[in-house]
Amino acid sequence: MRALRGAVEGEASRYLAAWGVAGPPDPSLANLARYLALRRRELRPLQRALMPHGLSSLGRAESRVAETLLALERALQALAGEAPYPGADPEEAFFFGEGLLEARTRGLFGPERPGRKTRIMVTLPEEVGTASLLELVEAGMDVARLNLGKLPEEAWPGYLRALREAETALGRPIPLVLDLEGPRLRIQTPGVARVRVGDAVALVLRGEAPSGLPAFAPDRPELLALGVGDSLSLDEGRLWAQVEEATPYGFRLRVLLAPPKGFKLKPGRALNAPLGLEAPYLGERDARVLALAQELGALVGLSFVRTPEDLGALPPGLKGVVLKLESREGVRNLPQLLAHALPRFPTAAMIARGDLGVELGPERTAEMEEELLWLLEAAHTPAVWANHVLDRLVRKGTPTRAELADAFMGGRAEVVMLNRGPFLKEALRLLDGLLRRMEAHQYKKTPRLRALRSWPLPGEEPPRRGVPAGGLRLPSARPRCGCSVPKRRPPWPWPPAGPPGPACPGGPPPRPPARTAGSPGRPP
């Protein structure tokens, strides 16, 4: 253990030097460097060897690497008889990293709610007013998000006016995140065309495509760095195509993956493709968003941030930034991004699993989102769990079981984000209840051993419980009164909260007559 501590400290200094950190390092960057030095080793045999002695297995050392290794070395020295055990460090010193992470989360995303530390961020709907904003706050929204890259500029004043009026009614500010567009690409098309697997498609960079060939053009062609054999995707991976050949008009593509019924090429679809490293990070609209963020004291979401050089274009004095991890380069450069961002701005990071899934593939993304949570905790940096959280509930009104498990696990982040949809308020109420339950059981990777109530001691009565707020209650196929119900399932949750409605005029259904001997069977 003594040798491990020394090696970790030595390698951590090499990480810090590579990140350009000079002088006494920020404690968060120092801890991140130690964590990377520790985790580059195969630690599973050591974990197994420590467990029988009742010692830490290093599985929860993210926010306190040096403190955990020192405590282990002291305990092992005492067990080996080398030195008496000097006692534990004061609790506030040992858990300093946890306290710093909580303080940074409060500074960026506001105070926690009673009974729930994890904040809920909401992408605001296209039409929002003061009353609807207050309803979202009442349902559980803590942070508002505006993706100004998608909103027309003439709509900005209406959103901001509704936010100011809602803040006045609440008597407190609503933390606001304004997203930059960044090097995000979207397509333009001459019309709507449907393409299928095996079809040829034209990617137009100049001139016009041949007649009869489905075509699209990127809205910012200067950002692309495509070559023959490269792949690109549209609409977060719903269509994949490969570059077959360079042409006078741009490139000829071949569709490799598309939905069974085909994919519609229509304007505004998101395009994921290789970008040139020299491509400028900030666009013309982004400069206006940054000026607005400074005026409002809003956080800035750095979409598709990839390198530390992208941060150099940001003006000083921003209230805070959210590094949106949406690309392979952004994930690879996360330590360097944190090393450049933390000294300049209050910083959080978003695990944007939609675009990241396109970049990394589904299997690697599922693994990478865990690793990103660990690295951000090691850097004492708030994490935002984003994209597709309770997506079916938000859009259709009922969640899948997989969504419920995913939302539950989102409680390991400091913030969970919901996208907009017709059932947003119902999703907010459900997520609020799930996160409250999660926090009673787990903090990050640490289980919290709350007393279990479902299996009482023999002879004891189990506690009687109703369905808690945010609990799951599905509508039955038919009400007990026998009245017909609409085929479409009503909004979530069911039954809705509030006073009961009027009694059914038909009363309860009649009981079927009792079956007697010799009767031919049950009545119809």
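Since the structure is predicted, the reported quantities are computational estimates derived from the model, not experimental observations.

What counts as what
Residues numbered from 1 in each chain as written. Predicted model: local features only at pLDDT ≥ 70, side-chain atom pairs only at ≥ 80, totals over all residues. Heavy atoms only, no water. Helix = DSSP H or I, 4+ residues; strand = E, 2+ residues; numbered from the N terminus. Buried < 20%, exposed > 50% of the residue type's maximum accessible area, 1.4 Å probe, protein only. Areas by Shrake-Rupley, 256 points an atom, 1.4 Å probe, with all protein chains shown as cover. Phe/Tyr/Trp six-rings, centres within 6.5 Å; stacked < 30°, edge-to-face > 60°. Lys NZ or Arg CZ within 6 Å of the ring centre and 35° of its normal. Patch = residues over 30% accessible without salt bridge, like charges linked within 9 Å, V, L, I, M, F, W, Y side chains within 5 Å. Salt bridge = Lys/Arg side-chain N within 4 Å of Asp/Glu carboxyl O. Lys, Arg positive; Asp, Glu negative; His and termini not counted. Charge placed at Lys NZ, Arg CZ, Asp CG, Glu CD. Pairing = 2+ DSSP bridges. Axes fitted to C-alpha atoms, helices over the stretch in contact; angles between N-to-C directions. Contact = heavy atoms within 4.5 Å. Parallel < 35°, antiparallel > 145°, perpendicular 65-115°, else oblique. Left-handed = near helix turned anticlockwise from the far one by under 90°. Nonpolar A, V, L, I, M, F, W, Y, C, P; charged D, E, K, R; others polar. Expected span 1.5 Å × (residues − 1). pLDDT = per-residue confidence, 0-100. Right-handed = clockwise from strand over helix to strand, strands pointing away. Core = buried A, V, L, I, M, F, W, Y, C linked by side-chain atoms within 4.5 Å.

Student: How should I be thinking about the overall build of the chain in this particular structure?
Tutor: Within the chain, the regular secondary structure consists of 17 helices and 19 strands. Per-residue burial over the chain gives 45% buried out of 524 residues. Accessible surface, the chain: about 27100 Å² in total, of which carbon and sulfur atoms supply 55%.

Student: Would you mind showing me how to read the packing of aromatic side chains here?
Tutor: Ring pairs (aromatic) are described by centroid distance and by the angle formed between their planes. Tallying each qualifying case throughout the model produces 2 aromatic pairs. Judged by centre distance (5.1 Å) and plane angle (85 degrees), the rings of Phe94 and Phe95 are edge-to-face. Accessibility expressed as a relative area gives 32% for Phe95, which makes it partly exposed. Above the face of the Trp374 ring, Lys445 is positioned so that its terminal group lies 4.6 Å from the ring centre.

Student: Help me understand a positive patch on the surface in this model?
Tutor: Residues Arg194, Arg196, Lys261, Lys264 and Lys266 make up a contiguous surface patch of positive charge. Classification of Lys264 as partly exposed rests on a relative accessible area of 36%.

Student: Even after reading the chapter, I still don't get the sheet that holds strand β14 (residues 321–325), so can you show me in this structure?
Tutor: Around the barrel, which closes on itself, the 8 strands sit in the order β1-β2-β3-β13-β14-β15-β16-β17 with parallel pairing between neighbours. The average undirected angle you get between the axes of adjacent strands in this sheet is 25 degrees. Where helix α14 (residues 362–378) meets the sheet, it contacts β14, β15 (347–352) and β16 (383–386), and its direction lies at approximately 175 degrees from that of β15. Running at roughly 165 degrees to strand β1 (residues 119–123), helix α17 (residues 424–441) makes contact with β1 and β17 (415–418) of the sheet.

Student: Hey, could you run me through the sheet that holds strand β9 (residues 239–247) in this one?
Tutor: Within a sheet, neighbouring strands are paired by backbone hydrogen bonds and run either parallel or antiparallel to one another. One closed barrel accounts for 7 strands, arranged β4-β7-β6-β10-β9-β8-β12; its pairing is mixed. Ignoring which end each strand starts from, the neighbouring axes of this sheet average 40 degrees apart.

Student: Hey, could you run me through the environment of Ala246 in this one?
Tutor: The topology assignment puts Ala246 in strand β9. Taking the C-alpha atoms as reference points, Ala246 and Leu226, separated by 20 residues in sequence, lie 9.4 Å from one another.

Student: Help me out: how do you make sense of the packing of helix α7 (residues 130–139) against α17 in this one?
Tutor: To describe two helices that pack against each other, one gives the angle between their axes and the distance between the axes. Put simply, α7 and α17 touch, their axes get as near as 8 Å, and they point 20 degrees apart. As judged from the angle between their axes, α7 and α17 are roughly parallel. Considering how the two elements wind past one another, α7 and α17 form a crossing that is right-handed. Between α7, through Glu135, Leu136, Glu138 and Ala139, and α17, the contact on the second element is made entirely by Leu424, Lys425, Leu428, Arg429 and Asp432. Here the contact of α7 with α17 is built from residues that sort into 4 nonpolar, no polar and 5 charged.

Student: Looking at this model, I keep getting lost on the side chain of Thr247. Mind explaining?
Tutor: When you line up the elements, Thr247 lands in strand β9. Take Thr247: its relative accessible area is 12%, and that puts it in the buried class. Residues in contact with Thr247, not counting those within four places in the same chain, are Arg206 and Arg252.

Student: What is the right way to read the pattern of salt bridges from this model?
Tutor: Between side chains of opposite charge, a pair can form as their charged atoms come close. Taken as a whole and assessed by the stated rule, the structure comprises 34 salt bridges. As a salt-bridge pair, Glu82 and Arg2 come within 3.1 Å of each other at their nearest N and O atoms. Of this pair, Glu82 sits in the loop between α4 (65–80) and α5 (91–94) while Arg2 sits in helix α1 (residues 2–18), placing them 80 residues apart in sequence. Residue class for Arg2 comes out partly exposed when judged on its relative accessible area of 49%. Arg64 serves as the salt-bridge partner of Glu98, at 3.0 Å between the closest nitrogen and oxygen. Within this pair, whereas Glu98 is found in helix α6 (residues 96–109), its partner Arg64 is found in the loop between α3 (44–50) and α4, the two being separated by 34 residues in sequence. The residues Glu98 and Arg64 share a single accessibility class, namely buried. Salt bridges sharing partners connect three or more residues here, namely Arg113, Arg116, Asp142, Asp432 and Arg436.

Student: Mind showing me how you'd approach α4 here?
Tutor: An α-helical turn contains 3.6 residues, so any two residues separated by three or four positions project in the same direction. Taking 1.5 Å of rise per residue, 16 residues should cover 22 Å, and α4 covers 23 Å from first to last C-alpha, within 8% of that figure. For α4, the complete set of buried residues consists of Val65, Thr68, Leu69, Leu72, Glu73 and Ala75. At the exit of α4 stands Gly81, carrying a positive phi of roughly 80 degrees.

Student: How should I be thinking about unusual backbone geometry in this particular structure?
Tutor: For residues besides glycine, phi is generally negative; the peptide bonds are generally trans as well. Its identity is not glycine, yet His388 carries a phi of approximately 70 degrees, on the positive side. Its location among the elements puts His388 in the loop between β16 and α15 (391–396). In this structure, Leu390 is a non-glycine residue whose phi angle is positive, near 50 degrees. Here Leu390 shows up in the loop between β16 and α15.

Student: Where do I start with the confidence of the model for the chain in this structure?
Tutor: Residues shown with low pLDDT carry predicted positions that ought not to be read at fine detail. Per-residue confidence for the chain averages 87 on the pLDDT scale, and 88% of its residues sit at or above 70. Segment residues 467–509 is flagged for pLDDT under 50; beyond a separation of four residues in sequence, or across chains, it makes 43 contacts in the model. Low pLDDT, under 50, characterises residues 515–524; the predicted model gives this stretch 3 contacts beyond four residues in sequence or across chains.

Student: Explanation requested: the pairing of β1 in the structure shown.
Tutor: Looking along a regular strand, one sees side chains alternate from face to face of the sheet. The element β1 is extensively covered by neighbouring structure, given that 5 of its 5 residues are classed as buried. Of the two faces of β1, the one carrying Arg119, Met121 and Thr123 and the one carrying Ile120 and Val122 are both buried. With 3 bridges connecting them, β1 and strand β2 (residues 143–146) associate as parallel partners. Considered in β2, the bridge of Met121 is made with Val143. Crossover connection from β1 via α7 to parallel β2: handedness right-handed.

Student: Is there a simple way to think about the nonpolar core in this case?
Tutor: Across soluble globular proteins, you tend to see nonpolar side chains buried next to one another. In this structure, Met141, Leu146, Leu178, Leu302, Leu314, Leu390 and Leu418 are the most contacted members of the largest nonpolar core, which totals 95 residues. Other than its neighbours up to four places away in sequence, Leu390 contacts Pro399, Glu403, Leu404, Ala407, Leu418, Ala427, Leu430 and Leu431.

Student: Would you mind going over the pairing of strand β3 (residues 176–179) with me for this structure?
Tutor: Here β3 shows no split at all, with Leu176 and Leu178 on one side and Val177 and Asp179 on the other all buried. The pairing of β2 with β3 spans 3 bridges and is classified as parallel. Bridging from a neighbouring strand, Ala144 pairs with Leu176 of β3. Both β3 and strand β13 (residues 299–302) contribute to a ladder of 3 bridges, which runs parallel.

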